[in-house]
Amino acid sequence: MVVDDHPMWREGVARDLTEAGHLVVATSGEGRQALRVAPAARPDLVVLDLQLPDISGVEVVHGLRSSLPDVRVLMLSASGEQQSVLDAVKAGATGYLLKSAAPAEFLDAVRRTAAGEPVFTPGLAGLVLGEYRRLAAGGPGDGGTDRGEGAPRLTERETEVLRLVAKGLSYKQIAERLGLSHRTVQNHVQNTLGKLQLHNRVELTRYAIEQGLDD
């Protein structure tokens with residue numbers, strides 16, 4: 001599903017996605033309309049503009065995650081400002097890409113976001129990880145996770161994969177580093193998400209950093 005208030009941009013993105021083999025189930029130029037359409041259209045992934053004429057893209061992310069908890073959201077915005085990025089990620093966006101990205105970069109981001117990988121325009125990933133480190137440093141009162149008794153038990157391999165996730169490596173990079181298949185890495189990540197009761201790789205990265213696994 002493509003949500004953007006500029007018709008030419010919206011239609012261009014939808015056309016690029018269709019030509020790349022993706023099924024575009026809906027398009028919308030307004031946030032509230034998108035929230036009305038999404039439950040029936042049931043998209044796996046939403047390409048969403050940050051600035052919309054009625055409500056913000058961040059509000060749309062909140063609404064989408066409420067009605068479709070498993071949906072992936074790739075923010076596509078002209079703004080690379082720190083607060084915009086952090087607000088979108090905290091709301092539940094899986095990725096954040098600037099509109100200046102090349103078509104090939106955009107399509108790669110769509111593919112990776114659909115697979116659950118956090119995807120950010122170069123330079124923004126460090127910003128997000130830095131914010132998570134800041135939050136984690138605040139201790140349990142600020143969302144930190146106790147490493148002691150009662151913590152979920154991960155296998156040695158799951159912990160190894162989690163450590164590389166925290167370092168920002170893609171599934172492909174992790175597979176090459178550990179000599180595993182791409183599918184095996186995905187399975188380890190999904191198993192870890194289930195054990196930790198987390199929803200996506202962004203939340204998983206934050207957990208890993210809170211546990212000090214990104215060193």
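Participant: So what exactly am I meant to see when it comes to the overall build of the protein chain here?
Facilitator: Summing up its helical and strand segments, the protein chain has ten helices and six strands in all. When each of the 215 residues of the protein chain is scored for burial, the buried share is 48%. A separation of at least 24 residues holds for 64% of the contacts in the protein chain among residues at least 6 apart in sequence. Surface summary for the protein chain: the accessible area is close to 10700 Å², and the carbon and sulfur share equals 49%.

Participant: Sorry, what's going on with helix 1 (residues 7–19) here?
Facilitator: Residues separated by three or four positions in an α-helix point in the same direction, a consequence of the helix having 3.6 residues per turn. End to end, helix 1 covers 18 Å across 13 residues, agreeing with the expected 18 Å (1.5 Å per residue, within 8%). The secondary structure elements touched by the buried residues of helix 1 are strand 1 (2–3), strand 2 (27–28), strand 3 (45–48), strand 4 (72–77) and helix 5 (103–114). Positive backbone phi, at 100 degrees, marks Gly21, one or two positions downstream of helix 1.

Participant: Is there a simple way to explain the sheet that holds strand 2 in this structure?
Facilitator: Adjacent strands of a sheet form backbone hydrogen bonds with each other and so pair up, either parallel or antiparallel. Spatial strand order, 2-1-3-4-5-6: six strands in an open sheet with parallel pairing. If you trace the sheet from one side to the other, it starts and ends with strand 2 and strand 6 (119–120), each paired once. Bridge analysis of strand 3 against strand 4 gives four bridges, and the strand direction is parallel. What sits directly across from Val46, in strand 4, is Val73.

Participant: Would you explain the packing of helix 8 (residues 171–178) against helix 9 (residues 182–196) in this entry?
Facilitator: The axes of two packed helices give the description: the angle between them and the distance between them. Helix 9 packs onto helix 8 with a crossing angle of 105 degrees between their chain directions and a minimal axis gap of 8 Å. By the angle between their axes, helix 8 is roughly perpendicular relative to helix 9. Residues Tyr171, Lys172, Ile174 and Ala175 of helix 8 pack against His182, Val185, Gln186 and Val189 of helix 9. Residue composition of the contact of helix 8 with helix 9, by class: five nonpolar, two polar and one charged.

Participant: Could you clarify how one ought to interpret the environment of Ala114 in this entry?
Facilitator: Note that Ala114 resides in helix 5. For Ala114 and Leu45, which are 69 residues apart along the polypeptide, the C-alpha to C-alpha distance reads 6.2 Å. For Ala114, the residues in contact, after removing those within four places along its chain, are Leu45 and Arg72.

Participant: Help me understand helix 5, please; the structure alone is not making it clear to me.
Facilitator: The first and last C-alpha atoms of helix 5 sit 17 Å apart over twelve residues, in line with the 16 Å expected at 1.5 Å per residue. Within the sequence span of helix 5, burial applies to Phe106, Ala109, Val110 and Thr113. The buried side chains of helix 5 occupy one side of the element, clustering within an arc of 100 degrees when seen end-on. Close packing links the buried residues of helix 5 with helix 1, strand 3, strand 4, strand 5 (95–98) and strand 6. Positive phi shows up at Gly116, right after helix 5, with a value of about 90 degrees.

Participant: Explanation requested: the nonpolar core in the structure shown.
Facilitator: A general feature of soluble globular proteins is that nonpolar side chains tend to end up buried together. Formed by 27 residues in total, the largest nonpolar core has its most connected members in Leu48, Val73, Met75 and Tyr96. Excluding residues within four positions of it along the chain, Leu48 makes contact with Val3, Gly57, Val60, Val61, Val73, Leu74, Met75 and Leu76.

Conventions we followed
- Residues numbered from 1 in each chain as written.
- Predicted model: local features only at pLDDT ≥ 70, side-chain atom pairs only at ≥ 80, totals over all residues.
- Heavy atoms only, no water.
- Helix = DSSP H or I, 4+ residues; strand = E, 2+ residues; numbered from the N terminus.
- Buried < 20%, exposed > 50% of the residue type's maximum accessible area, 1.4 Å probe, protein only.
- Contact = heavy atoms within 4.5 Å.
- Areas by Shrake-Rupley, 256 points an atom, 1.4 Å probe, with all protein chains shown as cover.
- Expected span 1.5 Å × (residues − 1).
- Pairing = 2+ DSSP bridges.
- Axes fitted to C-alpha atoms, helices over the stretch in contact; angles between N-to-C directions.
- Parallel < 35°, antiparallel > 145°, perpendicular 65-115°, else oblique.
- Nonpolar A, V, L, I, M, F, W, Y, C, P; charged D, E, K, R; others polar.
- Arc of directions from axis to C-beta.
- Core = buried A, V, L, I, M, F, W, Y, C linked by side-chain atoms within 4.5 Å.

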